[in-house]
Amino acid sequence: MSDERSVTSNAPIAKKRSDYQVPDFFIEQVDMTFWLEPSETRVLTKSKVRRNGDHQRPLVLDGDDLELLKVSINGIGINTYQCSEKQLSIAYDANEFELEIETQINPASNTSLEGLYLSNNTFSTQCEAEGFRKITYFLDRPDVLATYQVTVHADKQKYPYLLSNGNCIAKGEGDNGTHWVTWQDPFKKPCYLFALVAGDFDLVEDKFVTQSGRTIDLQFFVDKGNASRAGHAVESLKKAMRWDEETFGLEYDLDIYMVVAVDFFNMGAMENKGLNIFNSKCVLADPESATDEDYFNIESIIGHEYFHNWTGNRVTCRDWFQLSLKEGLTVFRDQQFSSDMSSPVTTRISQVKLIKERQFAEDSGPMSHPIRPDEVIEMNNFYTVTVYDKGAEVIRMMHTMLGKDGFRRGMDLYFERHDGQAVTCDDFVNAMQDANNVDMSLFRRWYGQSGTPEVSVKEIYDAEQQIYRIELSQHTPKTADQAHKQVLHIPVDMMLLNARGEAEALDQDGNTSTVLDLCESKQSFEFHGIKEKPVLDIFRSFSAPVKVHFEQSTQDMAAIMLHARDDFSRWEASQSLFTNAILDGVKHQGVIADNKIAFILDCLQQLLQNKPDDFALLGEMLSVPSYDSLAQKMAVVDVEGILASRQLMQDSIADALVDELHAAYSLCRNDGYAYQQEQIANRRLSNVCLTYLAKGQQGESLLLQQFERSDNMTDTLGVLKAARRYNVPVFEKLMSQFESKWHDDVLVLDKWFSLHAGAETDDILAKLDLLTAHAHYSNSNPNRIRAVVGTFAFFNTSGFHNMNGSGYRYVADAIIQLNRINPQVASRLITPLSEWQRYGEDRQDLMKGELLRIADQPHLSPDLYEKVSKALHF
Ligand code: B3K
Ligand code: ZN
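Residues numbered from 1 in each chain as written. Chains lettered and ligands numbered in written order. Predicted model: local features only at pLDDT ≥ 70, side-chain atom pairs only at ≥ 80, totals over all residues. Heavy atoms only, no water.

A. Here's a closer look at the domain arrangement of the chain. The domains assigned to the chain are domain 1 (21–107 + 122–198), domain 2 (454–551), domain 3 (552–656) and domain 4 (743–874). Averaged C-alpha coordinates put domain 1 and domain 2 at centres separated by 56 Å. (Domains from an automatic or database assignment.)

B. Layout of the sheet that holds strand S28 (residues 513–518). Across the sheet, 3 strands lie side by side as S28-S27-S30; this open sheet has antiparallel pairing. Unpaired on one side and paired on the other, S28 and strand S30 (535–538) mark the two borders of the sheet. The sheet shows a mean angle of 35° between the axes of neighbouring strands, direction not considered. Against the sheet, helix H9 (residues 554–563) engages strand S27 (490–497) and S30, with an angle of about 65° to S30. (Pairing = 2+ DSSP bridges. Helix = DSSP H or I, 4+ residues; strand = E, 2+ residues; numbered from the N terminus. Axes fitted to C-alpha atoms, helices over the stretch in contact; angles between N-to-C directions. Contact = heavy atoms within 4.5 Å.)

C. Molecular detail of the site of ligand 1. Close to ligand 1 lie 14 residues; Glu128, Glu271, Glu305, Asn380 and Tyr388 are nearest. Tyr388 is positioned such that a nitrogen or oxygen atom in its side chain is 2.5 Å from an oxygen atom of ligand 1. Taken by itself ligand 1 offers 330 Å² of open surface, and the protein chains cover 94% of this. At the level of elements, strand S20 (269–270), helix H3 (292–307) and helix H4 (323–341) are the ones that each hand at least two residues to the shell around ligand 1. (Near = heavy atom within 4 Å. Polar contact = N/O pair within 3.5 Å; in protein donor to acceptor, adjacent residues only side chain to side chain. Areas by Shrake-Rupley, 256 points an atom, 1.4 Å probe, with all protein chains shown as cover.)

D. Looking closely at the environment of Leu139. With respect to the element layout, Leu139 can be found in the loop between strand S11 (122–126) and strand S12 (146–155). Measuring from C-alpha to C-alpha, the distance between Leu139 and Asn436 comes to 37 Å, with 297 residues separating the pair along the chain. Residue contacts for Leu139: discarding those within four places in its chain leaves Phe25, Ile27, Leu59, Val60, Leu61, Asp62, Val144 and Cys191.

E. Seen up close, the pattern of salt bridges. The final tally for this structure, using the stated rule, is 66 salt bridges. Residues Lys238 and Glu235 are paired through a salt bridge, measuring 3.4 Å at the closest nitrogen-oxygen approach. Pair noted here: Lys238 and Glu235 are both in helix H2 (residues 231–248), with a separation of 3 residues, about one helical turn. Arg372 serves as the salt-bridge partner of Asp426, at 4.0 Å between the closest nitrogen and oxygen. Residue Asp426 is located in helix H7 (residues 425–436), and its partner Arg372 is located in the loop between helix H5 (344–363) and strand S23 (375–376); the two are separated by 54 residues in the primary sequence. Take Arg372: its relative accessible area is 9%, and that puts it in the buried class. (Salt bridge = Lys/Arg side-chain N within 4 Å of Asp/Glu carboxyl O. Buried < 20%, exposed > 50% of the residue type's maximum accessible area, 1.4 Å probe, protein only.)

F. How the structure looks around the packing of aromatic side chains. Per the stated rule, a full pass over the model turns up 36 aromatic pairs. Judged by centre distance (4.8 Å) and plane angle (70°), the rings of Tyr192 and Trp320 are edge-to-face. Here Tyr192, found in the loop between strand S15 (178–189) and strand S16 (196–199), pairs with Trp320, found in the loop between strand S22 (316–317) and H4; they are 128 residues apart in sequence, far enough to count as distant. For Tyr192, a relative accessible area of 1% corresponds to the buried category. (Phe/Tyr/Trp six-rings, centres within 6.5 Å; stacked < 30°, edge-to-face > 60°.)

G. Focus on the coordination of the zinc ion (ligand 2). Every protein donor of the zinc ion (ligand 2) is accounted for by His304 (NE2), His308 (NE2) and Glu327 (OE), and the metal-donor separations fall at 1.9 to 2.1 Å. Positions of the donor residues of the zinc ion (ligand 2) along the chain correspond to the pattern H-x3-H-x18-E. There is no split in this pair, since His304 and His308 are both buried. (Donors = N, O, S within 2.8 Å, 3.2 Å for Na, K, Ca; no water.)

H. Spotlight on unusual backbone geometry. Between Glu128 and Ala129 the backbone carries a cis peptide bond, its omega angle lying at 0°. Tracing the sequence through the fold places Ala129 in the loop between S11 and S12. Even without being glycine, Asn120 reaches a positive phi, approximately 50°. Relative to the elements of secondary structure, Asn120 occurs in the loop between strand S10 (115–119) and S11. On the accessibility criterion, Asn120 (45% relative accessible area) is partly exposed.

In structure tokens form, the structure reads like this:
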């Protein structure tokens, strides 16, 4: 079998951004009726169609997996249409007409979880990006905006709640135990925001009064018995609504806001107008079953979907290449919200980790693309860390450069110009530019250029003249998708510190920080009147998504880590110190020079003696960088070298600082659980300490004590992770206790599956087989697949990269099985295999072998086809 043959037969065709054309027709009003039955749902769609411009082209509608029952125009049935596998083409002369289409679909057999499907016994939809075409023939593109009226008929007993977008305008009883409800959404929307839900739920209700005094009904629909777990999500929504009013002056528009939680969902949540559908994992929480991280994520995702109501729904994307217009901006908005609601520094740390660990890897791999992609085969493949999180960094840079008020002016103008429209990323930048009267032509390149820019920093201090100079140069290495790179406009936030961590004045006004504009390939910046060689704190708060090459002395890093005022800078310096030492170990067969270890231990000791006020920050600073962030620093990743050297660093800390860690651990007691910052920080620090202490003599008894005492999932999981980390024998026993307690709770059981799948033990493959054979494992539940296969592929480094190839084979087998069941989930699992080029030759061959095996499958989904063919031709 050759890789050429396997990836070119029946090749799906890529769409190009440059080929955009306005729609030939608009659909302005839609009236839909659903008769819901698990395997035979009928859908009647009446659309008001209007020709766009003077042409005679036919109306070509998208469809996928539909049975066409009837087509009529202006009330008269026709059969002069042409229907192919993915299109319905209708030639009709009039410029305006009413089109009626009846289709039949099978939600029960829809395992792709796109279109209309059944999740347990709930009918639910997911239409973004192109799932509406699995419900009816339609112009399934985001620049066709219509108002919708939707009537849903279904069995009353099985589906007492029938929901769709907008306001409920009528309801009634039908024949044979059925009932019906009609919904009307007065706001024009693209069809990807359409939603329908039918099921039996517990309903949790609340109210929100907007800044203008309107009362909004908030309704949360959750599985029966889960009402007590919805409180945090409801509070999060109210906070998000208030925050958007206060920060951006944006008020909610409908009178009702509904959130439905379902167990079977391909991602976190979906912002359908007035009817958000959520993965139950992103809604339900109580202290016993959810961790602080779960609480944080729920608040942030509830916020994210709510913020989409303006950035995404009221102003939407012209075409899918513009996805970052809504996603980058909405991620930035949810990040600001989270930062205001919780700890700004830990919030920023987690965002930066994601960029460095995952986005930089995407940039340098076969799927590299700009935040506004130029070519797409399967749109679902582009809901990426690049479009979302690098997209948010690009928005953040504008915020940094224009300032809070300037950014707000830009947002105001954006809504003033584009409310109710489908627009482009350029339109957004234009609004920012025009509102602030600045030229952003150079900055715009961030939208079109992929790859991670690398900035080299040199510092020169002239003691005699008291001048300090920084020389910066930028270069973006070529990527899989683009050979030639341009210079970018990079905002460089910096400060100069003296050895005591105090900030130097940078100008005559006494400003102590500044944002330099790096706009050329080489540029230098001078500061006068600097009396001693300063310590440079550069790219503060990660002011641009770039890699920095700066040979800073360990003394300078330690000074920042121990004394800087800026918390984020302190954390970054701690990570740079660790990274230098660990990579030194990788170079020297896993041995880190004694003096390097001693230096770090000394710094950590000082840190533990003079603790920062924020214990969560201390916990982060005591944690060594992840495997992924270390791997990013190597041209060829030395898996065993990183694992050994990282372990040596952790062991050295665990052995040398037992007393200090124990003291810190004992200090962090909480009385009774609350999701509240000081408590969260205590739990974070104590669980970091516990992970180190698990190695020592007292390890097992500390673990057992905490397990017994714990009244919350954060501390319970802290024990299990620490026990797993050091292979403490009690791990298996505690895991079975945990399983017996939680085997009926889907969300908690996912944590149990994931803990097992992430165990870096020699028998992991046998264990994975047991997990997939477990009575509660299911290949149709994405959360469970991610808990087992996802955790293993992304986080079980030694197991996935086993030199006998068994880890790669296991993941490829899972992907092959999922190809037909759920292409979106399968496609997300392929990323670690597709990064083969980062490893040594032996591993490369094994990984490519598995990619070829996937490529050779009959009926490969476009999702996998796109990724596998790019990975093989890299
Ligand atoms: N817009 C959705 C994501 C849709 C993903 C489609 N494969 C959720 C969000 O970003 O808010
Ligand atoms: Zn989003």
